[in-house]
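A structural walkthrough
For reference, the chains in residue letters:
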Amino acid sequence: MRIAQRAQRIEPFYVMEVAKAASALAREVAHTDRPVIFLNIGEPDFTAPDPVQAAATRTIAQGATQYTQALGTDALRQAISGWYASRFSVNVPARRIVVTAGASAALHLACLALIEHGDEVLMPDPSYPCNRHFVSAAEGTAVLVPTTAEERYQLSAAKVQAAWGPKTRGVLLASPSNPTGTSIDPAELRRIHEVVSSHGGVTLIDEIYLGLSHDEAYGQTALAISDDIISINSFSKYFNMTGWRLGWLVVPDALVGVIERLAQNLFICPSTISQQAALACFEPESLAAYEARRAEFKSRRDFFIPALNALGLTVPVMPDGAFYAWADCSAACAKLGLKDSWDFAHAALHHAHVAITPGRDFGTAETARFVRFSTANSMAELKTAIERLQACLNP
Ligand SMILES: Cc1ncc(COP(=O)(O)O)c(C=O)c1O
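Quantities reported herein were computed from a predicted structural model and do not represent experimental measurements.

Here's the deal with the sheet that holds strand β2 (residues 97-100)
Spatially, the 7 strands line up as an open sheet ordered β2-β8-β7-β6-β5-β3-β4, and their pairing is mixed. Strand pairing shows two members of the sheet lacking a second neighbour, β2 and β4 (141-146), which therefore form its edges. Within the sheet, the average angular offset between the axes of one strand and its neighbour, ignoring direction, is 25°. By the bridge criterion, 4 bridges tie strand β7 (residues 230-234) to strand β8 (residues 247-250) in an arrangement that is antiparallel. Residue pairing for β8: Ile 232 is matched across the bridge by Leu 249. Contacting β5 (168-174) and β6 (202-206), helix α8 (residues 186-198) runs over the sheet at an angle of about 145° to β6.

This is the structure in structure tokens:
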């Protein structure tokens, strides 16, 4: 069968290969005293709070499950707008908010609306692998720009200016980032946006982890900078609703109609049940649960990052958000006689029964030296993982 070039350009998601190996081993060792600890998963270990679950059940019981308008219900768009006002003190009118099937559909819509065949989009190396593929599905090319720890693994205005070429259409950033959990300094983001705008380009920023920010210096939305920045967000991470497939994007007024046409044709609408349920995310009881969980993520970070550093799995920049640790495993590889982070991830799985993600998916610059740990797991599991890694590194 002839497969379209567009599909062939999509590289395999190596994370899933490691996840498959981890699941196979997990079945084998489930009933031993060393079951697999999953630190490879990029989703909260919490589920939607009770009011959200109850709202979903009510919606189903009432049969209120017909299609909604393509942009999402007015009530949910208003509620998201209210969240920007109360949480970030930013006025984002509901008319500019488009509700989508997760950040994934938001990224897809934004790329389809803005990227032409041959356009190039700058993004940091390392970054979330699917971003490259959203660009390539729109027939553009992702250009990975290597970043350093000093830059918090984010692009700088100087690097964007230096990398800008005749085909560059814009930048696709993420703050806080997956895999590093580090954010762009707001002043630098303002400068990046100025450079992009001076070239007539677009600034897209994935703020899916913004709700899980641990540092007020960084935890600000880019929407405070300019109305022409496109921000992608989701109910998956802070709101603990990964499988509910609900997210949103905020676009300039001029783009709303274009995105609406695309969304109508490609998706009809986001899940009605999830949209109804998500209204309950903004009730005081749910918000209290989310804030308690955010504090729990911070406690885990405060335990886990120093513990990794003490093992020689150095995390060059303390994450200011999300639930990841981007750790340099080159010293551990040298000690254990391993080639790179791919081999280290497999060694951690088979010797310590700790599943982690090798850097390979996230870029090419330094990813052979790095692995990503997810701290979206209980403190008890994180402590056991550290003990096992310690034993593995100091046999
Ligand atoms: C940076 C980033 N963007 C987007 C997504 C996709 O999220 P969603 O579940 O909202 O589609 C993820 C999921 O891990 C992510 O880490």
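A look at the nonpolar core
The biggest cluster of nonpolar side chains holds 110 residues, and the ones touching the most others in it are Ala 110, Val 171, Leu 249, Ala 327, Val 354 and Ala 355. Residue contributions to this core peak at 8 residues, all from helix α5 (residues 102-114). Look past the residues within four positions of Leu 249 in its chain and what remains in contact with it is Val 98, Thr 100, Ala 106, Leu 109, Ala 110, Ile 230, Ser 231 and Ile 232.

Some points on the environment of Ala 222
Within the element layout of this structure, Ala 222 appears in the loop between β6 and β7. Given 25 C-beta atoms within 10 Å, Ala 222 falls into the buried group.

A few points about the environment of Gly 82
As for its placement among the helices and strands, Gly 82 is situated in helix α4 (residues 74-88). Sequence separation between Gly 82 and Leu 210 is 128 residues; the distance between their C-alpha atoms is 16 Å.

So, the pairing of β7
Here β7 lies mainly inside the structure; 5 of its 5 residues are buried. The two faces of β7 match: Ile 230, Ile 232 and Ser 234 on one face and Ser 231 and Asn 233 on the other face are all buried. As judged from the 3 bridges shared by β6 and β7, these two strands associate in the parallel manner. Paired with Asp 206 across the bridge in β7 is Ile 232.

What about the site of the ligand?
Lining the immediate surroundings of the ligand are 13 residues, of which Gly 102, Ala 103, Ser 104, Ser 234 and Ser 236 lie closest. Here the shell around the ligand takes 3 residues from α5, the largest share from any one element. When the residues that make up the shell around the ligand are grouped by side-chain class, the tally is 4 nonpolar, 8 polar and 1 charged.

Digging into the UniProt feature "domain: Aminotransferase class I/classII large" (unreviewed entry) in the chain
Mapped onto this structure's residue numbering, the UniProt feature "domain: Aminotransferase class I/classII large" (unreviewed entry) falls at residues 35-389. Measuring from the first to the last C-alpha atom of residues 35-389 gives 14 Å, for a span that is 42% helix and 15% strand.

Here is what the cut-offs are and how they apply
- Residues numbered from 1 in each chain as written.
- Predicted model: local features only at pLDDT ≥ 70, side-chain atom pairs only at ≥ 80, totals over all residues.
- Pairing = 2+ DSSP bridges.
- Helix = DSSP H or I, 4+ residues; strand = E, 2+ residues; numbered from the N terminus.
- Axes fitted to C-alpha atoms, helices over the stretch in contact; angles between N-to-C directions.
- Contact = placed C-beta atoms within 7 Å.
- Core = buried A, V, L, I, M, F, W, Y, C linked by C-beta atoms within 7 Å.
- Buried ≥ 20, exposed ≤ 12 C-beta atoms within 10 Å, placed from the backbone.
- Near = placed C-beta within 6 Å.
- Nonpolar A, V, L, I, M, F, W, Y, C, P; charged D, E, K, R; others polar.
- UniProt positions renumbered as here; feature names shortened; annotations may be inferred.

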